[in-house]
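# Fold and contact review
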Amino acid sequence: AVVSTQSTGKAAKLYDAALDQMVYYYDNPQLGGLGETIQQMLAEDPGFVSGNLLRLSLELFMTSSSETREKFDKYCATLGEGITEWEKMHVSAARCLYAEDLIGAMEQYAAIAVRYPHDIHGFNIGFILGLVTGQTSYLRDVPLSVVEKYKPDMPHYGLVHGKLCFGHAEMGEYESAKRCGNIALEAFPLDSWAVHAMAHMYENQAKPKEEISFLEETSKHWTRGVNFSHHIHWHHANAYAQIQDYDSALAVYDTQFMRGSCLSPGNVFPLSDASSFLMRMKIDGHDIADRHLSVAEMWSKSGSNFTSLFYDAHSAFTAAMVGDTTAITQLRGEMEEYIASDRAGWNKVVTSKYGLDFVDGMKHLADEDYAEATEKLARSVPHVIKVIHGSKAQKSIFSLIYIYCAILSGDKKHLEQAQEHMEELMRWNKVTSLPPLQQRLWNRIQRQHDDH
């Protein structure tokens, strides 16, 4: 059992309410949303150790800013020896987040999940850290380590299966993914992560028509105001684009991506979805009008705190789409400073290895020097897609850009490298056919080979 110190009845209920909002990606309007729920919880019981660690771990995960680290230091100085072993493990995991040691934090939270399988916070954040650090096997293995501890009548039974669905899909275990996804949605149809996991299951298998049918059949559940809906709309739009229903794809973009404050400076998750979708359309040869201009402007206003090469790379290729070499040069200079700084952690490791080559590739793309762009991307993309933040579906945009530049280069070596890369992607996804967009690119390469 999970044992926590100093939890009053009301504070404990608010803790559970905060967890539910966090793991199911929604804001409870009666409680004022996740942030307000946490504030109410700590106002009710300021000494609630698990409540404070929940707040601080989320803040450290999001920013690990000097202000957040100072708050964490001050809070830890108040902790005595009376806290439970479970809470001590959470402190150790949060210390890893503090140091930007995301791999260490992931391993700590995975250990918490094994020892305390019903700690849904430890389980969830460990799982998300596996996604953030590109540790694909963790996305299956962490939920697999706890799933047998959950019975159908227990809270979060469906949620754990939804996470396992995603992990199986990322590992290319599609039958197991579908079984777990069906269990999750039968247990709780409003679980938007489970819907999202099933979308990945179809997408990784290059089945856009089935993905569209599934998302439309379940839309009454995942469009009900959860703050994860924008990303499922991204999947929906991409699937339409795969089958060349560009009008429907752009209709989803125009009505859903641009809705409310979904796209705004600093809101990098939906911004990355917008950039990725528009670049896919451009690579596929479809007119996107001036939609990319507003997205590039929002990236320019967002800056970078260099916590994710995934987002920095999206910022770079969006600037390339609009030909803004000044923004790319500025990003490169700031990235060099970050690499030379005393900051540590997983993102610094992967940025130091591959970040500059990718950004240089985007500078060459913006300058329409496709041969040099391909050379830079050949040194970065095949590695980047295995190690940085994001799912296979999200990171596929980097492969598409690499292939696109190789086609525009027209160099025989580059065309062969692009084909080899696509063959490797099929092996990685454990499939025998390419998604329709990639198949169209393959066909373009074949035509260029014939011309040679």
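Below or above, wherever it landed, is the structure these notes cover. All of these numbers come straight from a predicted model, not from anything done at the bench.

The next thing to look at is the side chain of Glu 100. With respect to the secondary-structure elements, Glu 100 resides in the loop between α5 (85–98) and α6 (102–115). Here the side chain of Glu 100 touches Arg 343 through a polar contact of 2.9 Å, side chain to side chain.

In terms of nonpolar packing, the biggest core is built from 151 residues, with Met 41, Trp 193, Phe 277, Met 362, Phe 398 and Ile 401 touching the most fellow members. For this core, the element with the highest residue contribution is helix α22 (residues 392–409), accounting for 11 residues. Apart from the residues within four sequence positions on either side, Met 41 is in contact with Ala 11, Leu 14, Tyr 15, Phe 48, Gly 51 and Leu 54.

This next bit is on empty space enclosed by the protein. Inspection of the entire model under this criterion finds 4 cavities of 30 Å³ or more. Considered as a void within the structure, the largest cavity measures approximately 290 Å³ in volume. Surrounding the largest cavity, 24 residues form its lining, Glu 203, Ser 396, Asn 429, Pro 435 and Gln 438 being those nearest its centre. Listed by contribution, the elements that provide at least two residues to the lining of the largest cavity are α11 (192–204), α12 (208–217), α14 (229–242), α22 and α23 (412–429). Tallied by class, the residues present in the lining of the largest cavity amount to 11 nonpolar, 7 polar and 6 charged. Put simply, the second largest cavity is a space of about 60 Å³. Taken together, Leu 102, Val 132, Thr 307, Ser 308, Leu 309, Phe 310, Trp 346, Asn 347, Val 350, Val 387, Ile 388 and His 389 form the lining of the second largest cavity. Those elements giving two or more residues to the lining of the second largest cavity turn out to be α18 (309–321) and α20 (346–366). For the lining of the second largest cavity, the leading source of residues is α20, giving 3 residues.

Considered for burial, the residues of helix α2 (residues 34–44) that qualify are Thr 37, Ile 38, Met 41 and Leu 42. Down the axis of α2, the sector holding all buried residues measures 130 degrees, keeping them to one side. Summarising the geometry of α2, the exposed residues directed more than 90 degrees from the buried face are Gln 39 and Ala 43. Next to the buried residues of α2 lie α1 (9–24) and α3 (49–62).

This next bit is on a negative patch on the surface. Taken together, the side chains of Asp 411, Glu 416, Glu 420 and Glu 423 define an acidic patch exposed on the protein surface. Mapped onto the fold, Glu 423 is located in helix α23. Relative accessible area serves as the criterion here: at 33%, Glu 423 is assigned to the partly exposed category.

Looking now at the pattern of salt bridges. In total, this model carries 18 salt bridges according to the counting rule given. Of the charged contacts, one joins Glu 297 and Lys 301 as a salt bridge, the two residues approaching to 3.2 Å between their closest N and O atoms. Taken together, the positions of Glu 297 and Lys 301, both in helix α17 (residues 291–302) and 4 residues apart, correspond to about one turn of that helix. On the basis of relative accessibility, which here comes to 42%, the residue Glu 297 falls in the partly exposed class. What makes Lys 301 exposed here is its relative accessible area of 55%.

Considering all chains together, one arrives at 21 aromatic pairs under this definition. Ring plane angle 35 degrees and centroid distance 4.8 Å describe the contact between Tyr 253 and Phe 257, whose orientation is recorded as tilted. You can see Tyr 253 and its partner Phe 257 sitting in helix α15 (residues 246–257), 4 residues apart, about one turn around the helix. Looking at Phe 257, the relative accessible area reads 3%, which means it is buried. Linked through ring pairs, Tyr 25, Phe 123, Phe 127, Phe 166, Trp 193, Phe 228 and Phe 269 together constitute an aromatic cluster. A cation over an aromatic ring shows up here: Arg 69 above the ring of Tyr 98, its NZ or CZ 5.9 Å from the ring centre.

For the rest of this paragraph, the subject is the environment of Lys 71. Following the sequence through the fold, Lys 71 ends up in helix α4 (residues 66–78). For Lys 71, a relative accessible area of 33% puts it in the partly exposed group. Sequence separation of Lys 71 and Ala 241 is 170 residues, and the distance between their C-alpha atoms is 46 Å. Contact partners of Lys 71, with chain neighbours within four places excluded, come to Arg 55, Leu 56 and Glu 59.

Our focus in this paragraph is unusual backbone geometry. Most peptide bonds take the trans configuration, and most residues that are not glycine carry a negative phi. Despite not being glycine, Glu 100 shows a phi value in the positive range, around 60 degrees. One non-glycine residue, His 156, adopts positive backbone phi at about 70 degrees. Note on His 156: relative accessible area 17%, which makes it buried.

Packing of α18 against α22 brings their axes to within 11 Å, and their N-to-C directions diverge by 40 degrees. Put simply, α18 runs oblique to α22. With respect to the hand of their crossing, α18 and α22 are arranged in left-handed fashion. Facing α18, whose interface residues are Phe 310, Ala 313, His 314 and Phe 317, α22 presents Gln 394, Lys 395, Ile 397, Phe 398 and Ile 401. The residue inventory of the contact of α18 with α22, partitioned by class, reads 6 nonpolar, 2 polar and 1 charged.

For the rest of this paragraph, the subject is the packing of helix α9 (residues 157–170) against α11. Contact geometry of α9 with α11 gives a least axis separation of 8 Å together with a crossing angle of 15 degrees. With respect to α11, the axis of α9 lies roughly parallel. Handedness of the crossing formed by α9 with α11: left-handed. Contacts from Gly 162, Lys 163, Cys 165, Phe 166, Ala 169 and Glu 170 in α9 reach Trp 193, Ala 194, His 196, Ala 197, Met 198, His 200, Met 201 and Asn 204 in α11. When its residues are assigned to classes, the contact of α9 with α11 shows 8 nonpolar, 4 polar and 2 charged.

What counts and how
Residue positions within a chain follow its written sequence, with the count starting from 1. pLDDT decides what is reported in this predicted model: residues at 70 or higher carry local features, side-chain atom pairs at 80 or more are listed and counted, and totals for whole chains, interfaces and linings draw on all residues regardless. Derived side-chain values reflect all non-hydrogen atoms in the structure, with water molecules and hydrogen atoms excluded from consideration. Here a strand is any run of E in DSSP of at least two residues, a helix any run of H or I of at least four, and the numbering for each starts at the N terminus. Polar contacts here mean pairs of N or O atoms no more than 3.5 Å apart (in protein, one a potential hydrogen donor and the other a potential acceptor; neighbouring residues in sequence count only if both atoms are side-chain atoms). Here, nonpolar core refers to any group of buried Ala, Val, Leu, Ile, Met, Phe, Trp, Tyr and Cys residues whose side-chain atoms link them within 4.5 Å. The rule is simple: take the accessible area with a 1.4 Å probe, protein chains only, and divide by the maximum for that residue type; under 20% is buried, over 50% is exposed, in between is partly exposed. Whether two residues are in contact is decided by their heavy atoms, any of which lying within 4.5 Å being enough. In the cavity and pocket records, a cavity denotes points on a 1 Å grid over the protein atoms alone where a 1.4 Å probe fits but cannot get out, a pocket denotes an open set with protein on both sides within 12 Å along at least 5 of 7 lines, and lining residues are residues with an atom within 4 Å of a point. Grid points are joined across faces, edges and corners, and a volume is the space filled by probe spheres set on the points. Residues are grouped as follows: Ala, Val, Leu, Ile, Met, Phe, Trp, Tyr, Cys and Pro are nonpolar; Asp, Glu, Lys and Arg are charged; all remaining types, including Gly, are polar. The arc in question is formed by the directions pointing from the helix axis toward the C-beta atoms. To count toward a patch, a residue needs a relative accessible area over 30% and no salt bridge; like charges are then connected within 9 Å, while nonpolar side chains (Val, Leu, Ile, Met, Phe, Trp, Tyr) are connected within 5 Å. Surface accessibility follows the Shrake-Rupley procedure with a 1.4 Å probe radius. Residue values consider only the protein chains on display as shielding. A side-chain nitrogen of Lys or Arg and a carboxyl oxygen of Asp or Glu constitute a salt bridge if their distance falls within 4 Å. His residues and chain termini do not enter the charge count, which takes Lys and Arg as positive and Asp and Glu as negative. In plain terms, the charge of a residue is placed at NZ if it is Lys, CZ if Arg, CG if Asp and CD if Glu. Within 6.5 Å between ring centres, the rings of Phe, Tyr and Trp (the latter by its six-membered ring) count as paired, and their orientation is classed by plane angle as stacked under 30 degrees, edge-to-face over 60, tilted in between. A positively charged side chain is recorded as over a ring if its NZ (Lys) or CZ (Arg) lies within 6 Å of the ring centre. The angle to the ring normal must also be within 35 degrees. Here, axes are lines fitted to C-alpha atoms. For helices the fit covers the stretch in contact, and angles between N-to-C directions go from 0 to 180 degrees. Here the word oblique covers every angle except those under 35 degrees (roughly parallel), over 145 (roughly antiparallel) and from 65 to 115 (roughly perpendicular). Should the near helix be turned counterclockwise from the far one by less than a right angle, the crossing is left-handed, whereas a clockwise turn marks it as right-handed.

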